[in-house]
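Geometric and topological summary
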Amino acid sequence: MKKLFVFLVMTLLWIPLKAQTIAENNSSESLTTFKTENEDFQDSYSDDLPWHARRFKVTAGAFFPVNNTEVEVGSNNGSFGNLIDFEKDLGFNKSSVSFMGTFEWRISRRSRLGAEYYYLSRSATKTLQKEIEFGDHVYPVDATVSAFMDNHIARITYSYAFISKPKYEIGALIGAHVLFGDVGMRLEGATIEAEYKDNFDFTAPLPDIGLFGEFVLGRKVGLYANINYFAIKINDFDGRLLSYNLSVLYNVYQNFSLTAGYTGLNIRVDVEKERLNGFFKWGYNGPTITATYSFGNHVRLYKH
């Protein structure tokens, strides 16, 4: 995890240097022909890119994560269940499809507010190959069980660009992921005499801080990257988070663009509740394909 974090930070620092070089090489043919009659073109050329530096931006699309989930749930009497790998032990598919949506409001030249939402629901049925203790029950070997995991992730961020130029912006962000999780299991089969099930739901607020970069690589092409990390322990809650995103935008027509990216999120949560204690470790990463619509007036960016 630490090696991945260092690698992503180094990547984020390398991107602006590469992007600036590309932009400078293309400036003579791209920018000069685009608006040669305006003397202050270099200072305000973002006005000529309908997708860049607009006041508002809405994005929606699909996320294709590869998951790795471990859960441990026990009672408050001191006993704890065994660690369950949902993909290996319960037959969950590692690959899945999720909806994602984002909204961004550029408050000023340097400041912006953002909101994100992800939803992922998975379920599986499997005959157990090992005994599983989950919550108040023990599920024996060869028993058929059905299990589910529903996750809603909401995020809000405030970003401030320390460097704000027409062709690139680099800054810091602070925000919070809020994970609404619900995991459960029940015994299936014709011989069941009574309902036999357990579930564990929780809400995990996970603040994070990070770095971001946004770069214009051409008239129709842009790049965005961010990385975020935080760890917190408050009373009966202990959580850690690492997230990252790298995406490339292509402007299709006027304010409408398509974006392809790669996103990852790794979460670990320990929760003590009135009836059940839980440990939840979830990591996912995968490609995203989204549509973006930018609107509102341009935020003026200056070269100097």
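A short tour of the structure in this document, coming up. (Residues numbered from 1 in each chain as written. Predicted model: local features only at pLDDT ≥ 70, side-chain atom pairs only at ≥ 80, totals over all residues. Heavy atoms only, no water.)

Structurally, Asn-226 can be placed in strand E11 (residues 221-234). A polar contact of 2.9 Å, which involves the side chain of Asn-226, links it to the side chain of Asn-228. In contact with Asn-226, not counting residues within four places along its chain, are Leu-173, Leu-211, Phe-212, Ser-243, Tyr-244 and Asn-245. (Helix = DSSP H or I, 4+ residues; strand = E, 2+ residues; numbered from the N terminus. Polar contact = N/O pair within 3.5 Å; in protein donor to acceptor, adjacent residues only side chain to side chain. Contact = heavy atoms within 4.5 Å.)

Let us now look at the pattern of salt bridges. Going through the model one piece at a time under the given rule, you end up with 10 salt bridges. In this structure, Arg-122 and Glu-87 form a salt bridge, with 2.9 Å as the shortest nitrogen-oxygen distance. You can see Arg-122 sitting in strand E5 (residues 111-127) and its partner Glu-87 sitting in the loop between strand E3 (84-85) and strand E4 (98-106), a full 35 residues away along the chain. Neither Arg-122 nor Glu-87 differs from the other in exposure class; each is buried. Residue Glu-116 pairs with Arg-155 through a salt bridge whose shortest N-O separation is 3.5 Å. Note that Glu-116 is positioned in strand E5 and Arg-155 in strand E8 (residues 144-164), a separation of 39 residues in sequence. Overall, Glu-116 belongs to the partly exposed group, its relative accessible area being 22%. With relative accessibility at 7%, the residue Arg-155 sits in the buried group. Bridged by salt links that share partners, the residues Glu-104, Arg-106, Arg-112, Glu-169 and Glu-214 form one connected network. (Salt bridge = Lys/Arg side-chain N within 4 Å of Asp/Glu carboxyl O. Buried < 20%, exposed > 50% of the residue type's maximum accessible area, 1.4 Å probe, protein only.)

Per the stated rule, a full pass over the model turns up 9 aromatic pairs. Plain terms: the ring middles of Tyr-160 and Phe-162 are 5.6 Å apart, the flat faces sit at 70 degrees to each other, and that makes the pair edge-to-face. Residue class for Tyr-160 comes out partly exposed when judged on its relative accessible area of 32%. Each ring, one from Tyr-293 and one from Phe-295, has its centre 5.8 Å from the other, and the planes form 25 degrees; the classification is stacked. Classification of Tyr-293 as partly exposed rests on a relative accessible area of 43%. With a relative accessible area of 31%, Phe-295 lands in the partly exposed category. Chaining the aromatic ring pairs together yields one cluster made of Phe-56, Phe-103, Tyr-293 and Phe-295. (Phe/Tyr/Trp six-rings, centres within 6.5 Å; stacked < 30°, edge-to-face > 60°.)

Okay, the nonpolar core next. Counting residues in hydrophobic clusters, the biggest one holds 38 residues, and the most contacted among them are Leu-90, Phe-134, Met-185 and Phe-280. Leaving out residues up to four positions away in the same chain, Phe-134 has contacts with Val-71, Val-73, Ile-84, Tyr-139, Val-183, Gly-184, Met-185, Asp-198 and Asn-199. (Core = buried A, V, L, I, M, F, W, Y, C linked by side-chain atoms within 4.5 Å.)

Scanning the entire structure with this criterion turns up 3 cavities of 30 Å³ or more. When its volume is computed, the largest cavity comes out at roughly 780 Å³. Lining the largest cavity are 48 residues, with Lys-57, Thr-102, Glu-116, Tyr-224 and Asn-245 sitting closest to its centre. Broken down by class, the residue content of the lining of the largest cavity amounts to 20 nonpolar, 20 polar and 8 charged. (1 Å grid on protein atoms, 1.4 Å probe; cavity = no way out; pocket = protein on both sides within 12 Å on 5 of 7 lines; lining within 4 Å. Points joined across faces, edges and corners; volume = space filled by probe spheres on them. Nonpolar A, V, L, I, M, F, W, Y, C, P; charged D, E, K, R; others polar.)

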